[in-house]
Amino acid sequence: MKNRIYAPTWESYELIDAGDGLKLERWGPVVTIRPEINAYFKPELSKKEWVNQAHAQFIEERGTFGNWKMLKPISNEWVIDFHGIKLIVAIRNTKHTGIFPEQSVNWQNINQSLNPGDHFLNLFGYSGASSVMGTIKGAKVVHVDSSKSALTWAKENQEINGANGCKLVLEDALLFMDREIKRKHQYHLIQMDPPAWGIGTKGKKWQLENHIDSLINQASKLLLENGKLIVSTYSPRTTPAILREIGVFSFPSRNVKVGILASKSTTGKVLEHGSLLIVE
Ligand SMILES: C[S@@+](CC[C@H](N)C(=O)[O-])C[C@H]1O[C@@H](n2cnc3c(N)ncnc32)[C@H](O)[C@@H]1O
């Protein structure tokens, strides 16, 4: 039996249905259709029902890049709420909207783990949802991403929440970790959500399978003795079994938990997003 860890549902986001390589999602008042590689099964609702509900559909052209086809008039940017935290949703030239909703499971964990004054390192931080959560909890947050536009988005999310004070770093995650180890900095909580394919600040292509063990191993040097590590991966090669092996090797005396990060649609379909490793 698979160890699935389900992302908790929240009022402003709903995975309505999934299937035929697509997912139907509601972000506050707006419903979208996006490609979903893990939706290899049949959807529950008909195509007509999907189109009736949807405001916009993403049409893939090149990987995650493409165009949003407007099915009903909407603005291309709006704000939704996660338990009192505001998050900007935007539809631009990629299928990503600024929020990975299944990360709600990690946001909950971050919220429960951090105390005021704790040091929190958010690697591959993207639009900064986790960083905002950490800052609001009173933690000292360092947010690292190799993309300037991701850092701008993270700054905007901080501003609309009045959650300033988080340090934003434009850097390759591994290079940043190497520097932090030399500086002897340590953290109570480290979260990383690396993409299957990444780009370093010098434009170098970066494949997760070649780096996942270094990322986890370097994290073991940066984590305080009782600190917590949360790693989510979206690459089919970094299975829970692989993450467990690396986790146990890097943290021999700690409790290592792994599972499959999953969401359930309102219609009952299960989407598996990737693997989750928690060291505590
Ligand atoms: C999957 S997204 C992270 C999602 C985010 N944690 C969330 O839940 O909203 C991946 C992020 O990693 C960044 N990235 C890609 N390669 C990187 C690298 N080598 N170092 C640092 N950040 C990188 C991308 O710019 C992107 O913002």
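Model, not experiment: these values are computed from the prediction. Numbers given to residues run from 1 along each chain, matching the order in which its sequence is written. Selection of residues for local features in this predicted model requires a pLDDT of at least 70, selection of side-chain atom pairs for listing and counting requires 80 or more, and totals for whole chains, interfaces and linings are taken over all residues.

Peer 1: How should the overall build of the protein be read in this particular structure?
Peer 2: Every helix listed is a DSSP run of H or I at least four residues long, and every strand listed is a run of E at least two residues long, numbered separately from the N terminus. What the protein contains, in helices and strands, is 7 helices and 17 strands. In terms of overall size, the protein behaves like a compact globule, its C-alpha atoms giving a radius of gyration of 18 Å where 280 residues would be expected to give roughly 19 Å. Along the first, second and third principal axes, the C-alpha atoms of the protein reach 55 × 45 × 35 Å. Partly exposed residues are those whose C-beta has more than 12 but fewer than 20 other C-beta atoms within 10 Å; with 20 or more the residue is buried, with 12 or fewer it is exposed, and the C-beta atoms are placed from the backbone. Of all 280 residues assigned to the protein, the portion counted as buried reaches 42%. Restricting to contacts in the protein with at least 6 residues of sequence separation, those with at least 24 account for 60%. Just to be clear, the radius of gyration here is over C-alpha atoms, and the globule rule we use is 2.2 Å times residues to the power 0.38. Whether two residues are in contact is decided by their C-beta atoms, placed from the backbone, lying within 7 Å.

Peer 1: Explain the sheet that holds strand β11 (residues 167-170) here, please?
Peer 2: Hydrogen bonds between backbone groups are what pair the strands of a sheet, and the pairing can be parallel or antiparallel. Pairing in this open sheet of 8 strands is mixed, and the strands run β1-β16-β17-β15-β12-β9-β10-β11 from one edge to the other. What marks the edges here is a single partner per strand, and that holds for β1 (4-6) and β11. Pairwise comparison of adjacent strand axes, ignoring direction, gives a mean angle of 20 degrees for this sheet. Sheet topology places β1 next to strand β16 (residues 256-264); 3 bridges connect them, and they run parallel. Directly across from Y6, in β16, lies its bridge partner A262. Two strands form a pair only when DSSP identifies at least two bridges running between them. Lines are fitted to the C-alpha atoms to define the axes, a helix being fitted only along its stretch in contact, and any angle between axes, read from their N-to-C directions, falls within 0 to 180 degrees.

Peer 1: Help me understand the sheet that holds strand β4 (residues 30-35), please; the structure alone is not making it clear to me.
Peer 2: Within the open sheet, the 5 strands sit side by side as β2-β3-β4-β5-β6. Their pairing is mixed. Edge strands, defined here as strands with exactly one partner in the open sheet, are β2 (13-19) and β6 (65-70). The average angle at which neighbouring strand axes cross in this sheet is 20 degrees, direction not considered.

Peer 1: Can you walk me through the packing of helix α6 (residues 212-222) against helix α7 (residues 240-250) in this structure?
Peer 2: If you want to describe how two helices pack, look at the angle between their axes and the distance between the axes. Direction vectors running N to C along α6 and α7 enclose 35 degrees, while the axes themselves pass 9 Å from each other. Like other packed secondary-structure pairs, α6 and α7 cross with a definite hand, here right-handed. Where α6 abuts α7, its residues I212, D213, I216, N217 and S220 lie against I246, G247 and S250. Helix crossings are classified by the rotation of the near helix relative to the far one: an anticlockwise turn of less than a right angle makes the crossing left-handed, while a clockwise turn makes it right-handed.

Peer 1: What should I look at first to understand the domain arrangement of the protein in this one?
Peer 2: Think of interface size as the accessible area that goes away when the parts come together; that is how it is often given. In terms of domain boundaries, the protein breaks down into domain 1 (9-82) and domain 2 (100-279). With 17 residues of domain 1 in contact, the opposing surface of domain 2 contributes 13 residues. Secondary structure elements with two or more residues in the side of domain 1 that touches domain 2: β2 and β7 (77-82). Sort the elements by how many residues they give to the side of domain 1 that touches domain 2 and β2 lands first, with 7 residues. Residue classes follow a fixed rule: Ala, Val, Leu, Ile, Met, Phe, Trp, Tyr, Cys and Pro count as nonpolar, while Asp, Glu, Lys and Arg count as charged, and any other residue, Gly among them, counts as polar. Grouping the amino acids of the side of domain 1 that touches domain 2 by side-chain chemistry returns 10 nonpolar, 2 polar and 5 charged. What fixes the domain bounds is an automatic or database domain assignment.

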